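Structural overview
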Amino acid sequence: MSFIQRARAWIAQDPDPDTREELESLIAAHDEEALEARLSGALEFGTAGLRGIMGAGPNRMNRVNVMRTTYGFCEWLKAAVPESTERGICIAHDARLKSEVFAQDAIEVALGLGFRIYSYSRSVPTPLLAFAVLDKKAAGGVMITASHNPPDYNGYKVFWENGAQIIPPNDVAIAKRIHDSPPVDELPRVRAAVARSRGTLESMDRCARKYVRVVAESTCKTERRRTIQVSYTALHGVAEPLFRFLMSRTGFCKIASVREQARPDGTFPTVPFPNPEEPGAMDRVIALGSEVEAELALANDPDGDRLGVAIRHHGRFEMLSGNEIGILLADDLLRRNEAPGDPLVISTIVSSPMLGHVAKAHGARWEQTLTGHKWIQNRALELADEGYHYVFGYEEALGFAALPAVRDKDGVSAAMLIVDLASRLLAEERTLVDALEDLFRQHGFHGGRQHSRRYDGPTARTEMAQAMHALRTEPPTEIGGRQVLSMTDLERRVCWTPEGTHPMERFDQSDTLLFDLGDDHEVMVRPSGTEPKVKYYLYAKEPVTHDVATARERVDVTLDRIERDLGLR
């Protein structure tokens, strides 16, 4: 079929007047290029579910793809999870454009396929969905969100019965059933009002109150703390009411919000890229922190699963990296851990190796996984069977997880843990920066940088693949003045060393290259799973023989050399 014929076939089954009009206008304009962009290929369902730009056609996020994905997920659950229809599915959404509509479509299709459904009455942070899956003992969960992506994106995130996001081979099995989905106008659907009257659609609003109780009980266990002033932003997302309630519940009432970013708004008018990691994203909350003389400036991303932190130190705010936040929380939680079993902390392969030193100092096991909390949480469950007690997991992209009741990253509970730690340090007339420098003196200064090489246009994915292929086939033997001791290729599952190559069995297959330069000097390269860019992660370490500042300067020199050798500066 021509692209115009494909567009008309799509229009015939599309229930959304907005996307029908989008295609009709392109047909009328004979815009073959725009039609091709929407109709050639399709969004791929993977371990992160779906995520993409909203619009018409199989290559966009829209109501048709949401309903077909729900069909595939439900059919897989029926085959994979005992009594799945009776146990039900938890479905929630954030406040992005179309999120509520997408969630309603998912609910009605799942109801039509015979599932009991649990839903919140409002938009909520992603951690509340992950919490509800375990609390309700559901067969699975769906969260409509694109997390920190720009406003024209949305996504469909899938959780399994264990409360964690799915991992292979489940994604492949679900994708096959999505492919076999009938046209959406043939899918059975049950309206929400009808389901409520039948008792097959239930509210899970009480889960939010349970979550608050669990978080409150897991933080603020000591009275040795001082009142702390916090400035906060949810970056036009949905986390603020939950965070404010937790602050009040735990006795931290001094919170000032960035007023123009407090209300949920899927257009993100003040931050086109609502990610606390992005330069400028936290400018307003830091400015507010200076105005109200706050000790902490905190930012959650729009669905509340990430946390950015800036700390007032010697009169000015300093941004903490994801690795620095993760190391601080890991050390504090291990120090206070009283649970039975051998303690366990987990980070991803692109996060700082410093966590291994912190874990060893506390007698804990340190594990590394592929990028994403789906890997962290599923590995934690595997090791729980061997007697290990999960204490904390993190990834450098501001994702932290400390609650066993939430098997995903949770920026709201992480914010409470940071507030509690900072308040205890304040009682000792110290800051998070002081605590971090103590850890550097003990374990060496670990510095890191991240770079992204963006690719644009229809050939972006091809160019990214070519860049990765070039590194694989002609790997550098020296980076930053240090010999490459090994290059591990997680896609081809081999490890190269100067002495030769050998197969490796660690980790699942992933398009990632790891360069070991020795002594905690590392380089990792991988294409982003959600954006057209290749990411570079650079790490270096220096012992603190005199002071932290001198060690930092030496690390910066090394990182500069690594950047030059990789063409990043």
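What comes next concerns the included structure. Residue indices follow the written sequence of each chain, beginning from 1 at its first position. Only residues with pLDDT of at least 70 are given local features in this predicted model, and only at 80 or more are side-chain atom pairs given and counted; all residues enter the totals for whole chains, interfaces and linings. Hydrogens and waters are ignored; side-chain quantities use all the structure's heavy atoms.

**Topic: the side chain of Gln 368**
- Comment: elements are numbered from the N terminus, with helices defined as DSSP H or I runs of at least four residues and strands as E runs of at least two. Looking at the element boundaries, Gln 368 is found in strand E13 (residues 365-369).
- Partly exposed residues are those whose accessible area sits between 20% and 50% of the maximum for their type, while under 20% is buried and over 50% is exposed, using a 1.4 Å probe and protein chains only. With relative accessibility at 15%, the residue Gln 368 sits in the buried group.
- With sequence-adjacent residues up to four places away left out, Gln 368 is seen in contact with Ser 347, Thr 348, Ile 349, Arg 506 and Phe 507. Note on contacts: a residue pair is in contact if any heavy atoms of the two residues lie within 4.5 Å.

**Topic: the side chain of Asp 205**
- Position of Asp 205 relative to the elements: it lies in the loop between strand E6 (201-203) and helix H10 (206-218).
- In this structure the side chain of Asp 205 is engaged in a polar contact, spanning 2.7 Å, whose partner is the side chain of Ser 121.
- Setting aside its immediate chain neighbours within four residues, Asp 205 contacts Ser 119, Tyr 120, Ser 121 and Arg 122. By the criterion applied in these results, polar contacts are pairs of N or O atoms within 3.5 Å in which, for protein atoms, one can donate a hydrogen and the other can accept it, and in which residues neighboring in sequence qualify only through two side-chain atoms.

**Section: the packing of helix H13 (residues 322-336) against helix H17 (residues 432-443)**
- For helices, the fitted axis covers only the stretch in contact; all axes are lines through C-alpha atoms, and the angles between them, taken along N-to-C directions, range from 0 to 180 degrees. For the pair H13 and H17, the least separation of the axes is 10 Å and the interaxial angle reads 80 degrees. When the axis of H13 is compared with that of H17, the two are roughly perpendicular. Here Glu 324, Ile 327, Leu 328 and Asp 331 of H13 come into contact with H17, specifically with Leu 432, Ala 435, Leu 436, Leu 439 and Phe 440.
- Residues are grouped as follows: Ala, Val, Leu, Ile, Met, Phe, Trp, Tyr, Cys and Pro are nonpolar; Asp, Glu, Lys and Arg are charged; every other residue, Gly included, is polar. When its residues are assigned to classes, the contact of H13 with H17 shows 7 nonpolar, no polar and 2 charged. For this classification, under 35 degrees means roughly parallel, over 145 means roughly antiparallel, 65 to 115 means roughly perpendicular, and everything else is oblique.

**Focus on the sheet that holds strand E7 (residues 230-233)**
- Pairing between strands is defined by DSSP: at least two bridges between them are needed. Strand order in the open sheet formed by 5 strands is E8-E7-E9-E10-E11, with mixed pairing between adjacent strands. In the strand order of this sheet, the two ends are held by strand E8 (255-257) and strand E11 (316-320), each with one partner. Between one strand axis and the next, the sheet turns by 25 degrees as a mean value, whatever way the strands run.
- Contacting E7, strand E9 (296-300) and strand E10 (307-313), helix H16 (residues 411-427) runs over the sheet at an angle of about 170 degrees to E9.
- Together, E9, E10 and E11 form the strand contacts of H17, whose direction differs from that of E10 by roughly 95 degrees.

**Some words on the nonpolar core**
- Among the nonpolar cores identified, the biggest contains 100 residues, and Tyr 211, Leu 296, Leu 298, Phe 392 and Leu 432 are the most heavily contacted of them.
- Of the residues forming this core, the biggest block, 10 residues, is contributed by H16.
- The set of buried Ala, Val, Leu, Ile, Met, Phe, Trp, Tyr and Cys residues whose side-chain atoms join them within 4.5 Å is what this entry labels a nonpolar core. Core analysis: the second largest hydrophobic core is formed by 52 residues, Ala 103, Ile 144, Ile 166 and Ala 195 among them.

**Brief notes about helix H7 (residues 126-135)**
- Across the 10 residues that make up H7, a large majority, 8, are buried.
- Along H7, the residues classified as buried are Thr 126, Pro 127, Leu 128, Leu 129, Ala 130, Phe 131, Ala 132 and Val 133.
- In the core, the buried residues of H7 are packed alongside strand E2 (89-93), strand E4 (140-144), strand E5 (153-159), H10, helix H11 (240-249) and H16.
- Once H7 ends, the next one or two residues include Lys 137, with phi positive near 55 degrees.

**Let's talk about the packing of H10 against H16**
- Look at H10 against H16: their axes get within 10 Å of each other, and the N-to-C directions meet at 30 degrees. For the element pair H10 / H16, the angle class is roughly parallel. Here the hand of the crossing between H10 and H16 comes out right-handed. In contact with Tyr 211, Val 215 and Ser 218 of H10, H16 contributes Val 412, Ser 413, Met 416 and Leu 417.
- Split into classes, the residues belonging to the contact of H10 with H16 amount to 5 nonpolar, 2 polar and no charged. Two helices cross in a left-handed way if the nearer one is turned anticlockwise from the farther one by less than a right angle. They cross in a right-handed way if the turn is clockwise.

**Some remarks on the pattern of salt bridges**
- When a carboxyl oxygen of Asp or Glu is within 4 Å of a side-chain nitrogen of Lys or Arg, the pair counts as a salt bridge. According to the stated counting rule, one finds 43 salt bridges in the structure shown.
- A salt bridge links Arg 441 to Asp 438, with the nearest nitrogen and oxygen atoms 2.9 Å apart. Placement of both Arg 441 and Asp 438 in helix H17 is noted, with a separation of 3 residues, approximately one turn of the helix.
- Owing to a relative accessible area of 35%, Asp 438 belongs among the partly exposed residues under this scheme.
- Two residues, Arg 449 and Glu 563, come together in a salt bridge whose shortest N-O distance is 3.0 Å. With Arg 449 in strand E16 (residues 445-454) and Glu 563 in helix H19 (residues 548-565), this residue pair connects regions lying 114 residues apart in the sequence.
- Overlapping salt bridges bring together Arg 63, Asp 105, Glu 108, Arg 189 and Arg 191 as one network.

**Here's the deal with the pairing of strand E19 (residues 486-489)**
- Neither face of E19 is exposed, since Ser 486 and Thr 488 on one face and Met 487 and Asp 489 on the opposite face are all buried.
- Relative to strand E22 (residues 513-518), E19 runs antiparallel, the two sharing 4 bridges. Residue Asp 489 lies in a different strand from E22, and its bridge partner there is Leu 513.
- Pairing geometry for E19 and strand E20 (residues 494-497), over 3 bridges, is antiparallel. The partner of Asp 489 across the bridge, within E20, is Val 494.
- Counted along the chain from E19 to the antiparallel partner E20, the turn is 4 residues long, and its residue Arg 493 has a positive phi close to 60 degrees.

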